[in-house]
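Residues per chain, in single letters:
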Amino acid sequence: MRVTHGVPLAPMTTLGIGGPAAAFVDLDDPADFPSFVELAGTYADEPVCLGAGSNVLVSDLGCSSAVLRMNTRGVRWRGETADGRTLVEVQAGHPLVDLVATTIDEGLSGMEMLVGIPGTTGATPIQNVGAYGQEISDTLVEVTAWDWELGRRVAMEAASCGLGHRTSIFKRSRRWTLLKLVFALRRSELSAPVTYRMVAAELDVPVGSRVPLSEAAEAVLVVRKGKGMVLGCCDTDRRSVGSVFLSPEITPAQAERLRARNAPVNEFPDGSTRVSASWLIRQAGFELGAPIVEGVRISSLHYTLVADEGARAAEFTRAIDIVQEQALLRTGVRLTPEVDFVGEWEPGSPSRCPGRQLAKP
């Protein structure tokens, strides 16, 4: 295991923002993880785990703890469940896009709508990654993780992971590092029902139709690319974390008021009622491509924030604050960031940042 010090983390994130790591390790072999545990124990703060860095904003000050980039790869078939689903064991560092492609090639349904989502498979339970009608919680069976509080490896059933809309017990916590995951997928030539109108329109089928797995995935990719939500598909908006904000949960009274304004209000599997974050940003008066602060603007393709050359974490968090404030003022609904804030933050930084804040002088 090779340890390097003072490594800039910005190039390891899709935003291209962030200071250095006190200690940095690339983990390619799962057998080396115990050595990282030993290294992490020499630092006061809990370690940080990076996958592809596609959902993180690293502080300009960087991280004073050990940082692990999870590169472990591998997919293993583990038989079937009692109800006939195929069990698939995946190393945490395995790219999600590769896993989705493999399941489609193998004729396994359950992940086809997740095509094009960047990042590692191990990161998916953290915010219960989902898109176009599918979520990781639909297929996740078990995770194996290192519990830094207990100081040992633990196996956790999906039911104990607190999976909800873009959340879990792992979100905003450094207690666990996910090492491998097990999914249960159904063998089928056809996709799950197509529930999103944009995808159905691309396929030219009625909402609720089932189509061949590869056709569903291709249609989702077209829709995602049209929003600039596939890495590398748009040079001008390439420094992005995708959706910066969650679609916020709203009360019945808010839902009634917003539906009267033709807002996209939807019911979610966890029982919550939510309104589109993109719609809220648009209603707050922001236009596509509009600058918010120096180096940070609204995407030219989708209502989310992207960074330009020279952007810093301080400006990006300020842009988040500005969008939140304006959306609340114009719509009465508070947006919540879903990006993971990593590292050390100056006094006065947003309290939502979970990294250890520096003590005031």
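Residues numbered from 1 in each chain as written. Predicted model: local features only at pLDDT ≥ 70, side-chain atom pairs only at ≥ 80, totals over all residues. Heavy atoms only, no water.

Chemist: Go over the overall build of the chain, please, and point to the residues and values.
Modeler: A count of helical and extended segments in the chain gives 7 helices and 20 strands. Radius of gyration (C-alpha) of the chain: 20 Å, near the 21 Å computed for a compact globule of 361 residues. With respect to the three principal axes, the spread of C-alpha positions in the chain is 55 × 55 × 40 Å. Across the 361 residues that make up the chain, the buried fraction comes to 53%. When the accessible surface of the chain is summed, it comes to about 16000 Å², and 49% of that surface belongs to carbon and sulfur atoms. Of the charged side chains in the chain, 36 are positive and 43 negative; the average position of the first set lies 4 Å away from that of the second. (Helix = DSSP H or I, 4+ residues; strand = E, 2+ residues; numbered from the N terminus. Rg over C-alpha atoms; globule rule 2.2 N^0.38 Å. Buried < 20%, exposed > 50% of the residue type's maximum accessible area, 1.4 Å probe, protein only. Areas by Shrake-Rupley, 256 points an atom, 1.4 Å probe, with all protein chains shown as cover. Lys, Arg positive; Asp, Glu negative; His and termini not counted. Charge placed at Lys NZ, Arg CZ, Asp CG, Glu CD.)

Chemist: Help me get a handle on the state of the cysteines, residues and values and all.
Modeler: This structure, assessed with the given rule, holds 0 disulfides. Here C49 stays unpaired: no disulfide links it, and the sulfur of C63, its closest cysteine neighbor, is 12 Å away. Using a relative accessible area of 5% as the deciding quantity, one classes C63 as buried. (Disulfide = S-S within 2.5 Å.)

Chemist: Outline the side chain of E112, listing residues and values.
Modeler: The residue E112 is located in the loop between β9 (108–109) and β10 (130–131) in this model. Despite its burial, E112 pairs with no opposite charge; the closest candidate is R210, at 7.1 Å N-O. At a separation of 2.8 Å, a polar atom in the side chain of E112 contacts the main-chain amide nitrogen of G110. Among the polar contacts made by the side chain of E112, one reaches the main-chain amide nitrogen of A192 at a distance of 2.8 Å. (Salt bridge = Lys/Arg side-chain N within 4 Å of Asp/Glu carboxyl O. Polar contact = N/O pair within 3.5 Å; in protein donor to acceptor, adjacent residues only side chain to side chain.)

Chemist: Hey, could you go over the domain arrangement of the chain for me, with residue numbers and the actual values?
Modeler: Taken domain by domain, the chain consists of domain 1 (3–70), domain 2 (75–226) and domain 3 (245–342). Inter-centroid distance (C-alpha atoms) of domain 1 to domain 3 is 29 Å. Domain 1 puts 10 residues into the contact, and the matching count from domain 3 is 12 residues. Regarding the contact of domain 1 and domain 3, the summed buried area is about 1000 Å², with carbon and sulfur atoms giving 66% of it. Between domain 1 and domain 3 we count 1 salt bridge in total. Close ionic contact of D60 with R312 constitutes a salt bridge, the shortest N to O distance being 3.4 Å. By residue number, the principal contributor to the side of domain 1 that touches domain 3 is strand β5 (residues 56–58), which donates 3 residues. (Domains from an automatic or database assignment. Contact = heavy atoms within 4.5 Å. Buried area = accessible area lost by both parts, 1.4 Å probe.)

Chemist: Could you give me a rundown of the sheet that holds strand β17 (residues 291–293), with the residues and numbers involved?
Modeler: The strands making up a sheet are joined through hydrogen bonds of the backbone, oriented either antiparallel or parallel. Strand order in the open sheet formed by 3 strands is β17-β18-β19, with antiparallel pairing between adjacent strands. For this open sheet the edge positions go to β17 and β19 (305–307), each flanked by a neighbour on one side alone. Taken over all neighbouring pairs, the strand axes of this sheet differ in orientation by 35° on average, direction set aside. One ladder, built from 3 bridges, connects strand β18 (residues 296–298) with β19; its direction is antiparallel. Across the sheet, the residue bridging to V296 is A307, located in β19. (Pairing = 2+ DSSP bridges. Axes fitted to C-alpha atoms, helices over the stretch in contact; angles between N-to-C directions.)

Chemist: Quick one: what's the story with unusual backbone geometry, residue by residue and with numbers?
Modeler: For residues that are not glycine, phi is negative in most cases, and the peptide bond is trans in most cases. One non-glycine residue, R172, lies in the positive phi region at around 60°. In this structure, R172 sits in the loop between β13 (152–157) and β14 (176–187).

Chemist: For the nonpolar core, give the residues involved together with the corresponding values.
Modeler: Core analysis: the biggest nonpolar cluster contains 55 residues, and F33, F36, M111, V143, F183 and V199 have the highest contact counts within it. In contact with F33, other than residues within four places in its own chain, are L27, L68, W146, W148, T177 and L179. L57, V244, L305 and A311 belong to the second-largest nonpolar core, a separate cluster that totals 38 residues. (Core = buried A, V, L, I, M, F, W, Y, C linked by side-chain atoms within 4.5 Å.)

Chemist: Tell me about the UniProt feature "active site" (unreviewed entry) in the chain, residues and numbers included.
Modeler: Under the feature "active site" (unreviewed entry), the UniProt entry names R166, S243 and E338. Spanning 173 residues, the annotated positions come together in the fold, the maximum distance between their C-alpha atoms being 11.1 Å. Within the secondary structure layout, R166 lies in the loop between β13 and β14. Overall, R166 belongs to the buried group, its relative accessible area being 16%. Excluding anything up to four places from it in sequence, R166 contacts Q127, N128, V129, G130, A131, E135, K171, L246 and E338. (UniProt positions renumbered as here; feature names shortened; annotations may be inferred.)

Chemist: Account for the environment of G93, naming residues and giving values.
Modeler: Within the secondary structure layout, G93 lies in the loop between β8 (86–91) and α2 (96–105). Between the alpha carbons of G93 and Y132 there is a distance of 24 Å; along the sequence they are 39 residues apart.

Chemist: Quick rundown of α2? Include the residues and the values.
Modeler: The complete set of buried residues in α2 reads L96, L99, V100, T103 and I104. Viewed end-on, α2 has its buried residues packed into an arc of 135°, placing them on one side of the element. As for α2, its buried residues are in contact with β7 (75–80), β8, β9, β14 and α4 (213–226). A positive phi of about 70° marks G107, the residue just after α2. (Arc of directions from axis to C-beta.)

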